[in-house]
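So the chains spell out like this:
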Amino acid sequence: QVQLVESGAGLVQPGGSLTLSCAASGRFFSVNAMGWYRQAPGKQRELVAVITRDGSTNYADSVKGRFAISRDGAKNTVYLQMNSLKPEDTAVYYCHVEYRLQETGTVFGAWGQGTQVTVSS
């Protein structure tokens, strides 16, 4: 079982910056891909960014060049640095982690509780 604790929620003005973090803890063999999703009111949850164990990243077109995802393998923590924030970035941001309980076998997924990011003047 993996527990995810997110932090970094806040209210920021347009053009501002914010950093989210998500720490994974519990009993698992390894953490694979780590990512961030977001869900705005009335919209479906969407992928924001993902980072694999080897550091490969992928971003939604809407955040490319503004957001940066990174991870600390030793701490099993993923970060999302958000710059040049826009009102349309307002959403609940969810951390997602893929993990294994054994060296081989099933890859499981876990979600964080969500953290609110509001971009408004």
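Note: the structure precedes this text.
Keep in mind that what you see is a predicted model, and the values were worked out from it rather than measured.

1. Details of the packing of aromatic side chains
Geometry of an aromatic ring pair is reported as the spacing of the ring centres plus the angle between the planes.
Line of reasoning, step 1. Taken as a whole and judged by the stated rule, the model has 4 aromatic pairs.
Line of reasoning, step 2. Taken together, Phe-28, Tyr-99 and Phe-108 form an aromatic cluster joined through their ring pairs.
Line of reasoning, step 3. Above the ring of Tyr-94, the side-chain terminus of Arg-45 is found at 3.7 Å from the ring centroid.
Line of reasoning, step 4. Positioned above the aromatic ring of Trp-111, the side-chain terminus of Arg-45 is 4.6 Å from the ring centre.

2. Some words on the pairing of strand S1 (residues 2-7)
Line of reasoning, step 1. The two faces of S1 differ: Val-2, Leu-4 and Glu-6 on one face are buried, but Gln-3, Val-5 and Ser-7 on the other face are not.
Line of reasoning, step 2. Sheet analysis places S1 next to strand S3 (residues 18-26), joined by 6 bridges and oriented antiparallel. The residue bridging Ser-7 from the neighbouring strand is Ser-21, located in S3.

3. Points about the sheet that holds strand S7 (residues 67-72)
Line of reasoning, step 1. Here 4 strands make up an open sheet; going across it, the order is S1-S3-S8-S7 and the pairing antiparallel. This sheet does not close on itself; its edge strands, each paired only once, are S1 and S7. Averaged over all neighbouring strand pairs, the angle between strand axes comes to 15°, with direction disregarded.
Line of reasoning, step 2. In this sheet, strand S8 (residues 77-82) lies alongside S7 in antiparallel orientation, the contact comprising 6 bridges.

4. What about the state of the cysteines?
Line of reasoning, step 1. Per the stated rule, a full pass over the model turns up 1 disulfide.
Line of reasoning, step 2. Each sulfur of the disulfide joining Cys-22 and Cys-95 lies 2.2 Å from the other. Every disulfide takes its handedness from the sign of the S-S torsion; for Cys-22 and Cys-95 that torsion is -80°, giving left-handed. In this pair, Cys-22 sits in strand S3 while Cys-95 sits in strand S9 (residues 91-100), placing the two residues 73 residues apart along the sequence.

5. A look at the pattern of salt bridges
Line of reasoning, step 1. If you walk through the whole model with that rule in mind, you get 4 salt bridges.
Line of reasoning, step 2. Between Asp-89 and Arg-38 there is a salt bridge; the shortest N-O distance is 2.9 Å. A residue pair is termed long-range when its members are at least 10 positions apart, and Asp-89 in the loop between S8 and S9 and Arg-38 in strand S4 (residues 30-39) qualify at 51 residues. You'll find Asp-89 and Arg-38 in the same group, each marked buried.
Line of reasoning, step 3. Its salt-bridge partner being Arg-66, residue Asp-89 comes within 2.8 Å of it at the nearest N-O pair.

The rules behind each value
Residues numbered from 1 in each chain as written. Predicted model: local features only at pLDDT ≥ 70, side-chain atom pairs only at ≥ 80, totals over all residues. Heavy atoms only, no water. Phe/Tyr/Trp six-rings, centres within 6.5 Å; stacked < 30°, edge-to-face > 60°. Lys NZ or Arg CZ within 6 Å of the ring centre and 35° of its normal. Buried < 20%, exposed > 50% of the residue type's maximum accessible area, 1.4 Å probe, protein only. Helix = DSSP H or I, 4+ residues; strand = E, 2+ residues; numbered from the N terminus. Pairing = 2+ DSSP bridges. Axes fitted to C-alpha atoms, helices over the stretch in contact; angles between N-to-C directions. Disulfide = S-S within 2.5 Å. Salt bridge = Lys/Arg side-chain N within 4 Å of Asp/Glu carboxyl O.

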